[in-house]
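Chain by chain, the residues run as shown.
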Amino acid sequence: RQIRQFSHCPILFLSSKNDELDKILGLAVGGDDYVTKPFSPKEVAYRVKAQLRRMEYRRHSAFSSAIKIGALTIDTESCLVSKDGRELALTAREFEILLYLAENKGRVISRERLYESVWKEDSLGCDNTVMVHIRHLREKIETDPTAPQYLITRKGFGYKLVNPDET
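Predicted model only: the values in this text are computed from it and were never measured.

Draft legend 1. Quick look at the packing of aromatic side chains. In total, this model carries two aromatic pairs according to the counting rule given. On the basis of an interplanar angle of 25 degrees and a centroid distance of 5.6 Å, the ring pair of Phe13 and Tyr34 is categorised as stacked. In this pair, Phe13 is assigned in strand 1 (residues 12-15) and Tyr34 in strand 2 (residues 33-36), connecting sequence segments 21 residues apart. Judged by its relative accessible area of 13%, Tyr34 falls in the buried class. Ring geometry for Tyr115 and Trp119: centres 4.8 Å apart, planes at 15 degrees, overall stacked. Here the residue Tyr115 and the residue Trp119 both occupy positions in helix 4 (residues 111-119), the gap between them amounting to four residues, near one helical turn.

Draft legend 2. Spotlight on the pairing of strand 4 (residues 72-75). Relative to strand 4, strand 3 (residues 67-69) runs antiparallel, the two sharing three bridges. Across the sheet, residue Ile67 finds its bridge partner in strand 4, namely Ile74. Count of turn residues in the strand 3/strand 4 antiparallel hairpin: two residues, of which Gly70 carries a positive phi of about 60 degrees. Here four bridges tie strand 4 to strand 5 (residues 80-83), and the two strands are oriented antiparallel to one another. Bridging across to strand 5, Ile74 finds its partner in Val81.

Draft legend 3. The arrangement of helix 4 in detail. Along helix 4, the residues that are buried comprise Leu114, Tyr115, Val118 and Trp119. What you see down the axis of helix 4 is that its buried residues fit within an arc of 100 degrees, all on one side. One or two steps after helix 4, the chain reaches Lys120, where phi turns positive at roughly 60 degrees.

Draft legend 4. Here's a closer look at the side chain of Glu142. Examined against the element boundaries, Glu142 turns out to sit in the loop between helix 5 (127-141) and strand 7 (151-154). With no salt bridge to any partner, buried Glu142 finds its closest opposite charge in Arg138, at an N-O distance of 5.0 Å. A distance of 2.8 Å separates a polar side-chain atom of Glu142 from the backbone nitrogen of Gln149. A polar contact is formed between the side chain of Glu142 and the backbone nitrogen of Tyr150, at a distance of 2.8 Å. Those residues in contact with Glu142 that sit more than four places away from it in its chain are Lys83, Pro148, Gln149, Tyr150 and Leu151.

Draft legend 5. Region of the structure containing the sheet that holds strand 6 (residues 86-88). A sheet is described by the order of its strands in space; here four strands give the open sequence 3-4-5-6, paired in antiparallel fashion. Whereas interior strands pair on both sides, the edge strands pair on one side only; in this sheet they are strand 3 and strand 6. Averaged over all pairs of adjacent strands, the angle between their axes in this sheet comes to 25 degrees, without regard to strand direction. Packing of helix 3 (residues 92-103) onto the sheet brings it into contact with strand 3, strand 4 and strand 5, and relative to strand 4 it is tilted by some 105 degrees.

Draft legend 6. Seen up close, the environment of Glu96. Mapping Glu96 onto the fold places it in helix 3. We classify Glu96 as partly exposed; its relative accessible area is 34%. Sequence-wise, Glu96 and Val118 are 22 residues apart; in three dimensions their C-alpha atoms are separated by 6.3 Å.

Draft legend 7. View of the pattern of salt bridges. According to the stated counting rule, one finds six salt bridges in the structure shown. Between Glu96 and Arg93 there is a salt bridge, with the nearest N and O atoms lying 3.8 Å from each other. A residue pair is termed a helical-turn pair when its members lie 3 or 4 positions apart in one helix, as Glu96 and Arg93 do in helix 3 at three residues. On the accessibility criterion, Arg93 (29% relative accessible area) is partly exposed. Arg135 is the salt-bridge partner of Glu139, the closest N and O atoms lying 3.7 Å from each other. Highlighted residues: Glu139 and Arg135, both in helix 5, separated by four residues, approximately one helical turn. Classification of Glu139 as partly exposed rests on a relative accessible area of 45%. What you see here is one network of salt bridges that share partners, running through Asp33, Glu43 and Arg47.

Thresholds, definitions, all that
- Residues numbered from 1 in each chain as written.
- Predicted model: local features only at pLDDT ≥ 70, side-chain atom pairs only at ≥ 80, totals over all residues.
- Heavy atoms only, no water.
- Phe/Tyr/Trp six-rings, centres within 6.5 Å; stacked < 30°, edge-to-face > 60°.
- Helix = DSSP H or I, 4+ residues; strand = E, 2+ residues; numbered from the N terminus.
- Buried < 20%, exposed > 50% of the residue type's maximum accessible area, 1.4 Å probe, protein only.
- Pairing = 2+ DSSP bridges.
- Arc of directions from axis to C-beta.
- Lys, Arg positive; Asp, Glu negative; His and termini not counted.
- Salt bridge = Lys/Arg side-chain N within 4 Å of Asp/Glu carboxyl O.
- Polar contact = N/O pair within 3.5 Å; in protein donor to acceptor, adjacent residues only side chain to side chain.
- Contact = heavy atoms within 4.5 Å.
- Axes fitted to C-alpha atoms, helices over the stretch in contact; angles between N-to-C directions.

This is how it looks when you write it as structure tokens:
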């Protein structure tokens, strides 16, 4: 569990405990595979290689694919955002806000959580800062910022990014 707090590296359990409950517990706490004794060193080597292949595949698919939400495309590799193929001029902070909301698409994110996640600071007194950045972001991504279709406000709760084609 402690490793999973800071890393997504593959975790393999090599154990003499072969009870089903032990295996389930090992996988439940964050393990990716569980091998019990006696085992073949060759089998363990191939299980490690398989885990590393999966990790590499996930890394490539996460970085090579852009996030698409309706007409918006967020390219995480080049830090560019486009709408209908036209590049939008976002500041670094606006990009970070949009990316965070896209990664949490459809979820309502409070101003405090948004501030703490993007600014990496305590959210005490952040209300106006977040609102101003959201307004500027809407001016750039929305067709009509006064009637937003992507960046929705849930009064008293926060903001959420939605695909207008799915609503």
